[in-house]
Amino acid sequence: MTIWTPQLGDKGPRYRRIADAIMAAIQSGELAAGERLPPQRRLADQLGVTIGTISRAYAEAHQQGWVESRVGSGTYVRHRDDEATTRFRATRMVNDGMIDMSMSFPPPHSLRATGLHNALTRLCASADAMQAATDYQHEAGTPEQRDCMAAWQGRLGLPDDPQRLLITQGGQHGIHLVLRTLVQPGELVAADALTYPGFVCAARQAHLRQLAVPLDEQGMDVEALARLCARQPPRLLYCMPDLNNPTGARLSESRRHRLVEIAREHDIWLVEDAVQYLPPHQRGTALIELAPERTLHIFSTSKVLAGGLRIGTLSVPAQLQERLCAALRSQSWMVPPLMVQAACHWMEDPAGQSLLDWQIDELAARRALALEHLAAYQPRSQPGSSLVWLPLPEGQRSSQVQAALKQSGVLVSTAEPFCMGSEPVPQALRLCLGPPASRELLLHGLETIVATLAKPPEANWATV
Ligand SMILES: Cc1ncc(COP(=O)(O)O)c(C=O)c1O
């Protein structure tokens, strides 16, 4: 009989902490597939709780797909039929033996597979839902789907007005729709000098001219923007006020107000990208709150549920709704109803909240690990973020360090793809803490980075 003793966290109701401890033990391998959990009465005595608390914890773990109960025999760790998910994750995240810190994914957890499993099971249980998922539907999504997504965003502290919300195929799609709808080829669009590469590429594809606005630790230098506007104002300005990807800079409150003032003065559309999710207490006032008449807010399921869902939202001023719907229709009629419906069911599943709670704690632990190991290099990373911006020491070239790290099995990004227009490339790396399959792998990646930076630049040069 197992002698497993749960390690309980200190947040939330006790049954939930026990359920979380079971999941963590299964994840870490402390409890193996097929292993029997302690009998409920024994665990209740051991933890000094009622047997009802243990029953509820086991029921929670069961509901989330971690354990199964066998009548008259007890509760066992499930042989997961989603073992394939783990293998898939291992190949994707470790990338043929590489530790991938180059792409911004949320940290792996089997609750993601559980969430999708529950969502699809719910969808398949209803003939009407299956029918609806295979029919054409309104391009903005059905009223029920928009209500569901708005409510989900509301729970995350994001725009929650279903009337202003359009369902998209993810944040990137939102960027494309906005650029295709609001700006004509040849017009000027502005963004931080270092910004999300998906915006840079979309602007290039839409034949737009790019205006790079300098930024510092407090985000976009809005006075520099004002000077640029005096020469020629952009038609649209794209920004990530809470967390600039890649530098992690957060726009100060006073700059947010000034930015809105400038946008009003020059009639500039503001595109606020919140895809890099941060917990509400780690965000500032949203631009959409400060300037609802000219802000288009972009969000997606990618950093909270799963990137492969390809589901996102655009919250827009009422007068733009029709034009954006027409653009969406002309691109693909609608977002696939099946995926929208699956995402909605997932949003309504309590397992989604457990996943997010776990993820916030996990990213905080990963961030602490990174800041500790990289301390000598003054890494920048905002609380709640999964990104670290690492300016390189004098003499080190980012492309050479990147190549040396690749040879040692670690993938990172340089600043190159994040540069607007033909801005000079700073010598720095962007590290993503989410993708490594475990904290151990992340630690290995960090140690490799430290060892590589400790070498003289010539040593890294030789590897290009
Ligand atoms: C700032 C930002 N916006 C948009 C996206 C694209 O999101 P999605 O996967 O929903 O298209 C990303 C992806 O990393 C991002 O970092």
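Residues numbered from 1 in each chain as written. Predicted model: local features only at pLDDT ≥ 70, side-chain atom pairs only at ≥ 80, totals over all residues. Heavy atoms only, no water.

Chemist: So what's going on with the overall build of the chain? Residues and values would help.
Modeler: A count of helical and extended segments in the chain gives 18 helices and 16 strands. Projected onto the principal axes, the alpha-carbon positions of the chain cover approximately 80 × 60 × 35 Å. Burial status across the chain gives 54% buried among its 464 residues. Across the chain, every contact between residues at least 6 apart in sequence was considered, and the portion connecting residues at least 24 apart equals 72%. Averaging the locations of the 44 positively and 47 negatively charged side chains of the chain gives two centres separated by 1 Å. (Helix = DSSP H or I, 4+ residues; strand = E, 2+ residues; numbered from the N terminus. Buried < 20%, exposed > 50% of the residue type's maximum accessible area, 1.4 Å probe, protein only. Contact = heavy atoms within 4.5 Å. Lys, Arg positive; Asp, Glu negative; His and termini not counted. Charge placed at Lys NZ, Arg CZ, Asp CG, Glu CD.)

Chemist: Outline the sheet that holds strand 15 (residues 413-414), listing residues and values.
Modeler: Pairing is antiparallel across the open sheet formed by three strands, whose spatial order is 13-16-15. Both outer strands of the open sheet, strand 13 (387-391) and strand 15, are each paired with one neighbouring strand and no more. (Pairing = 2+ DSSP bridges.)

Chemist: Which residues make up the nonpolar core, and what are the values?
Modeler: In this structure, Ile 22, Met 149, Phe 299 and Ile 311 are the most contacted members of the largest nonpolar core, which totals 47 residues. Listed by contribution, the elements that provide at least two residues to this core are helix 1 (14-28), helix 2 (40-47), helix 3 (51-63), helix 5 (110-124), helix 7 (143-155), strand 4 (165-168), helix 14 (337-348) and helix 15 (350-373). Looking at this core element by element, the count peaks at seven residues for helix 1. Both of domain 1 (14-77) and domain 3 (117-350) provide at least three residues apiece to this core. Excluding its chain neighbours within four sequence positions, the residues that come into contact with Ile 22 are Trp 4, Leu 31, Leu 37, Tyr 58, Ala 61 and Val 67. Residues Ile 175, Ala 191, Leu 320 and Met 420 belong to the second largest nonpolar core, which totals 34 residues. (Core = buried A, V, L, I, M, F, W, Y, C linked by side-chain atoms within 4.5 Å. Domains from an automatic or database assignment.)

Chemist: Before we move on, can you summarise the site of the ligand with the specific residues and values?
Modeler: With respect to spatial proximity, 14 residues lie near the ligand, and among them Gly 171, Asp 273, Ser 300, Lys 303 and Arg 310 are the closest. Within the backbone of Gly 171, a nitrogen or oxygen atom sits 2.7 Å from an oxygen atom of the ligand. Residue Arg 310 places a side-chain N or O atom 2.7 Å away from an oxygen atom belonging to the ligand. Coverage of the ligand by the protein amounts to 91% of the 400 Å² it exposes when considered alone. Per-class residue counts for the shell around the ligand are four nonpolar, seven polar and three charged. (Near = heavy atom within 4 Å. Polar contact = N/O pair within 3.5 Å; in protein donor to acceptor, adjacent residues only side chain to side chain. Areas by Shrake-Rupley, 256 points an atom, 1.4 Å probe, with all protein chains shown as cover. Nonpolar A, V, L, I, M, F, W, Y, C, P; charged D, E, K, R; others polar.)

Chemist: How would you summarise helix 17 (residues 439-454) if you had to cite specific residues and measurements?
Modeler: End to end, helix 17 covers 22 Å across 16 residues, agreeing with the expected 22 Å (1.5 Å per residue, within 8%). When helix 17 is considered as a whole, its buried residues turn out to be Leu 442, Gly 445, Leu 446, Thr 448, Ile 449, Thr 452 and Leu 453. For helix 17, the arc enclosing every buried residue in end-on projection is 160°, short of the 170-degree limit, so these residues lie on one face. Facing away from the buried side of helix 17, by more than 90 degrees, are the exposed residues Glu 440 and Ala 454. (Expected span 1.5 Å × (residues − 1). Arc of directions from axis to C-beta.)

Chemist: Describe in detail the pairing of strand 16 (residues 428-432), supporting the description with residues and values.
Modeler: Burial runs high along strand 16: five of the five residues are buried. Going residue by residue along strand 16, you find Ala 428, Arg 430 and Cys 432 tucked away on one face and Leu 429 and Leu 431 tucked away on the opposite face as well. Sheet analysis places strand 13 next to strand 16, joined by five bridges and oriented antiparallel. The residue bridging Trp 389 from the neighbouring strand is Arg 430, located in strand 16. As defined by bridge partners, strand 15 adjoins strand 16 across two bridges and the pair is classed as antiparallel. Looking across to strand 16, one finds that Thr 414 is bridged to Leu 429.

Chemist: Can you lay out the packing of helix 16 (residues 398-407) against helix 17 for me, pointing to particular residues and giving the numbers?
Modeler: The geometry of helix 16 relative to helix 17 is characterised by a closest axis approach of 10 Å and an angle of 130° between their N-to-C directions. Regarding the angle of helix 16 to helix 17, the classification is oblique. As helix 16 runs across helix 17, the sense of the crossing is right-handed. Across the interface between the two elements, Val 401, Ala 404 and Leu 405 from helix 16 touch Thr 448, Ile 449, Thr 452 and Leu 453 from helix 17. Residues belonging to the contact of helix 16 with helix 17 are distributed by class as follows: five nonpolar, two polar and no charged. (Axes fitted to C-alpha atoms, helices over the stretch in contact; angles between N-to-C directions. Parallel < 35°, antiparallel > 145°, perpendicular 65-115°, else oblique. Left-handed = near helix turned anticlockwise from the far one by under 90°.)

Chemist: Before we move on, can you summarise helix 13 (residues 321-332) with the specific residues and values?
Modeler: Compared with an ideal rise of 1.5 Å per residue, which puts twelve residues at 16 Å, helix 13 spans 17 Å between its outermost C-alpha atoms and is within 8% of the ideal. Within helix 13, the full set of buried residues consists of Gln 321, Leu 324, Cys 325, Ala 327 and Leu 328. Along the axis of helix 13, the buried positions cluster into a sector of 160°, meaning they face one direction only. Away from the buried face of helix 13 by more than 90 degrees, exposed residues Glu 322 and Ser 330 are located. Residues of helix 13 that are buried sit in contact with helix 7, strand 4, helix 8 (171-182), strand 11 (295-300) and strand 12 (312-315).

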